[in-house]
Amino acid sequence: MILRVSDVRKSFGEMKVLDGISLEVGKGDVVALLGPSGSGKTTFLRCLNCLETPDSGTMEFAGKTYRMNELSGKEKSEIRKRTGFVFQNFNLFRNKTALENVTEGLIVVRKMGKKEAIAKAEATLEKVGMAAWADHYPSQLSGGQQQRVAIARAIASDPEIVYFDEPTSALDPELAKEVLSVMRMLADEGMTMVVVTHAMDFARNVSKHTVFMEHGVIVESGKTEEFFSSPKKERTKEFLNMEEIR
């Protein structure tokens, strides 16, 4: 087991966003997090990568146990160094080329030598089909290309787990297909991934486990094949039927 989180809770003022979420992720697992907008999926993902601080919850990761609401700056850095995060809206540095966007974290955070970082970044951009655009700036790239650079940045440091926050929701269907193809390749290579997504085909055909969230709780979760073929909860059936209609 790479990651185990228990009883994660988070409120913004009077609004409960996460109300006791627990999740286990094994090595090589691809976990799809589904649910309507506002169900807490993104907040949960951001808590896992220490971008949000939950009110309570425990995390077992990389052989250590953490109280998620009491993490020190050093512990947060320790966790982030072993993870990758792909944002919905790319979050690339606008004034840096694709290559520089990938090398930045390797040099600044990982303290890798510049020559080694460039070689690593070039290999990673090649992997996601972006080697030919290494010297292009984000403004010169399509949304799908920008997201592939963002994926390269996330995986360049060989993380133990990568979090994807609706990586195709800002893209049109054709560009989304490019990104999902890269993600499928990474899954086939055994990368451990937790993916917040509305892409039902990806969830159904690539993920090993699927979790359905609503109102800050897990309504249903299970092995993907069983989740889609025979959901147990009426609310899950309603959600899947609505997504099929779209």
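This next bit is on the sheet that holds strand 3 (residues 30-34). What holds strands together in a sheet is hydrogen bonding between their backbones, with the strands either parallel or antiparallel. An order of 6-7-8-3-9-10 is seen for the 6 strands of this open sheet, with the pairing classed as mixed. The open sheet has two edge strands with one neighbour each: strand 6 (83-86) and strand 10 (217-223). Recorded for the sheet is a direction-independent mean angle of 15 degrees between the axes of neighbouring strands. Of the pairings in the sheet, the one linking strand 3 to strand 8 (residues 193-196) comprises 4 bridges and is parallel in character. Each residue of the ladder has a partner; that of V30, found in strand 8, is M193. Along the sheet, helix 6 (residues 173-188) contacts strand 3, strand 7 (161-165) and strand 8; its crossing angle with strand 8, the most-contacted strand, is approximately 150 degrees.

With 8 bridges connecting them, strand 1 (residues 3-12) and strand 2 (residues 15-25) associate as antiparallel partners. Note on strand 2: the bridge partner recorded for R4 is E24. Between strand 1 and strand 2, which pair antiparallel and follow one another directly, the connecting turn spans 2 residues, one of which, G13, has a positive phi of 65 degrees.

The computed volume of the largest pocket comes to approximately 620 Å³. Looking at the largest pocket, it is lined by 23 residues, and the ones nearest its centre are R80, T83, G105, V109 and R153. Those elements giving two or more residues to the lining of the largest pocket turn out to be helix 2 (73-80), strand 6, helix 3 (98-108) and helix 5 (143-155). A total of 6 residues in the lining of the largest pocket trace back to one element, the largest contributor, which is helix 3. Of the residues belonging to the lining of the largest pocket, the class tally is 10 nonpolar, 8 polar and 5 charged. Estimates place the volume of the second largest pocket at around 370 Å³. T168, A176, K177, L180 and A199 are, among the 20 residues lining the second largest pocket, the residues nearest its centre. Broken down by secondary-structure element, the contributors of at least two residues to the lining of the second largest pocket are helix 6 and helix 7 (200-205).

Here is what the cut-offs are and how they apply
Residues numbered from 1 in each chain as written. Predicted model: local features only at pLDDT ≥ 70, side-chain atom pairs only at ≥ 80, totals over all residues. Heavy atoms only, no water. Pairing = 2+ DSSP bridges. Helix = DSSP H or I, 4+ residues; strand = E, 2+ residues; numbered from the N terminus. Axes fitted to C-alpha atoms, helices over the stretch in contact; angles between N-to-C directions. Contact = heavy atoms within 4.5 Å. 1 Å grid on protein atoms, 1.4 Å probe; cavity = no way out; pocket = protein on both sides within 12 Å on 5 of 7 lines; lining within 4 Å. Points joined across faces, edges and corners; volume = space filled by probe spheres on them. Nonpolar A, V, L, I, M, F, W, Y, C, P; charged D, E, K, R; others polar.

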